[in-house]
Amino acid sequence: MRISRLVKSALAAGLLTGLATATLAQEQVLNLYSARHYQTDEALYANFTKATGIRINRVDTDDAGLIARLKSEGSSSPADVILLVDAARLWLAETDGLFAPVKSTVLEQRIPAHLRAKDSGQGSAWFGLSTRARVIVYNKINVKKEDVDTYEELADPKNKGKVCLRSGSHPYNLSLFGAMYEHMGAQRTEAWLKGVVDNMARAPKGGDTDQIKAAASGECQIAVTNSYYLARMMRSSKPEDRAVVERLGVVFPNQQSWGTHMNIAGGAMAKHAKNRDNAVKFLEYLSSPEAQIYFANGNNEWPVVVGVRPANPALEAMGEFKSETIPVSSVGANLPKVQQLLDKVGFK
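Residues numbered from 1 in each chain as written. Predicted model: local features only at pLDDT ≥ 70, side-chain atom pairs only at ≥ 80, totals over all residues. Heavy atoms only, no water.

Enquirer: An account of the overall build of the chain is needed here, citing residue identities and associated values.
Expert: The helix and strand tally for the chain stands at 14 helices and ten strands. Counting only C-alpha atoms, the chain reaches 100 × 40 × 30 Å along its principal axes. Buried residues in the chain amount to 51% of all 348 residues. Put simply, 76% of the contacts in the chain that link residues at least 6 apart link residues at least 24 apart. Counting every atom, the chain has about 15900 Å² of accessible surface; 53% of that belongs to carbon and sulfur. Each charge class in the chain was averaged separately, 42 positive and 36 negative side chains, and the resulting centres sit 4 Å apart. (Helix = DSSP H or I, 4+ residues; strand = E, 2+ residues; numbered from the N terminus. Buried < 20%, exposed > 50% of the residue type's maximum accessible area, 1.4 Å probe, protein only. Contact = heavy atoms within 4.5 Å. Areas by Shrake-Rupley, 256 points an atom, 1.4 Å probe, with all protein chains shown as cover. Lys, Arg positive; Asp, Glu negative; His and termini not counted. Charge placed at Lys NZ, Arg CZ, Asp CG, Glu CD.)

So this is what it looks like as structure tokens:
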């Protein structure tokens, strides 16, 4: 039987269309810009791909690098989802217009309102995905726990010459200071910051781990750190890390008032995302119980979804505590005012 040229052309066109459709279906992708670089996240992303068929292309660098890259790429950016590891950075990226709002019933039901950006009516610009506490560690030989059980006591004259901190302009401290501003207002926060500066054992330097070691060694006596830095040392197999931990006590401050300051790692959809449906699926996946455990354990943090508890011996050893519940978005909005106060009191 002879087939006309027209029929052959139609069949060929149909075959090519079918192949193109099949190829597109096989090439579902998500372009992820991540400031997270934890080994457990590999399994997290692999499970997402296995469950959805969506392949993840990942760019890893720090928060500042990701934000700079997004600004440079503009509308040509391939990014679909952004993962950042600090509330201050999430807020700054939001104010720079780098995120697209997401309206998702799943995310709204799973993630508490105070741990996500305010809903503009079109959705939230970012969502907290794990939390970490800003705790106080102290040298057990020279400091009493009751002298450091509030953030306010960091500025008390009884602790003069005992406090060490990293730079006041670092986002982890800026987020704490933004929370203090929310709790105490401008005048009291300024006085508090000045008191902290007056109580420093040395000029700010190093990261949180350096502050922990300084308190243990006697270079200072009291330090402030994100809880996961301490948890890492608690879980370390290195004798020197274990020795540091043995010398220190840890306090979750302000248990009798507003609770301990909580910072977040969070995610957002990029403003110019090309794979928007996949981006929403991925953010919703990160709020699932299974993913929350991977996400939190990757950096010794707590899940944001109520009732999900990772099996983490260091976090369990730290015990239960009361955390603050002010909106994280308000903390970010206070940053410009906090920065002015830091300049005023000479907190470098």
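Anyway, onward from the coordinates.
Enquirer: Now, about the state of the cysteines: what can you tell me, with residues and values included?
Expert: The bond known as a disulfide is covalent and runs between the sulfur atoms of two cysteines. What the rule picks out here adds up to one disulfide. Linked covalently through their sulfurs, Cys164 and Cys220 form a disulfide whose S-S length is 2.1 Å. Taken together, the positions of Cys164 in strand S6 (residues 163-164) and Cys220 in the loop between helix H7 (208-217) and strand S7 (222-226) put the pair 56 residues apart, joining distant regions of the chain. Judged by relative accessible area, Cys164 falls into the buried class, the value being 0%. (Disulfide = S-S within 2.5 Å.)

Enquirer: Describe in detail the environment of His261, supporting the description with residues and values.
Expert: Along the chain, the position of His261 falls in the loop between strand S8 (248-251) and strand S9 (262-270). Among the residues examined, His261 registers a relative accessible area of 2% and is labelled buried. What His261 contacts, discounting residues up to four positions off in sequence, is Arg132, Ala133, Arg134, Tyr151, Ser175, Leu176, Ala179 and Glu324. A distance of 3.5 Å separates a polar side-chain atom of His261 from the backbone nitrogen of Leu176. (Polar contact = N/O pair within 3.5 Å; in protein donor to acceptor, adjacent residues only side chain to side chain.)

Enquirer: Just give me the short version of the packing of aromatic side chains, but keep the residues and values in it.
Expert: In the structure shown here, the tally under the stated rule is eleven aromatic pairs. Taking the centre distance of 6.0 Å and the plane angle of 45° together, the rings of Tyr45 and Phe282 count as tilted. Residue Tyr45 is found in helix H2 (residues 40-52), and its partner Phe282 is found in helix H10 (residues 276-286); the two are separated by 237 residues along the sequence. In this pair, the class of Tyr45 matches that of Phe282, namely buried. Three or more aromatic residues joined by ring pairs form one cluster here, namely Tyr45, Phe48, Phe282 and Tyr285. Over the ring of Phe295 we find Arg36, and its NZ or CZ is 3.7 Å from the ring centre. (Phe/Tyr/Trp six-rings, centres within 6.5 Å; stacked < 30°, edge-to-face > 60°. Lys NZ or Arg CZ within 6 Å of the ring centre and 35° of its normal.)

Enquirer: Would you mind going over the pairing of S7 in detail, with residue names and values included?
Expert: The buried fraction of S7 amounts to five of the five residues, a majority that puts the element mostly inside the structure. Every second residue of S7 is oriented toward a common face, with Ile222, Val224 and Asn226 on one face and Ala223 and Thr225 on the other, all of them buried. Where strand S5 (residues 127-139) meets S7, five bridges bridge the pair, whose relative direction is antiparallel. Each bridged residue has a counterpart across the sheet, and for Tyr138 the counterpart in S7 is Ile222. Taken together, the two bridges between S6 and S7 define a ladder with parallel strand orientation. By the bridge assignment, Val163 is partnered in S7 with Ile222. (Pairing = 2+ DSSP bridges.)

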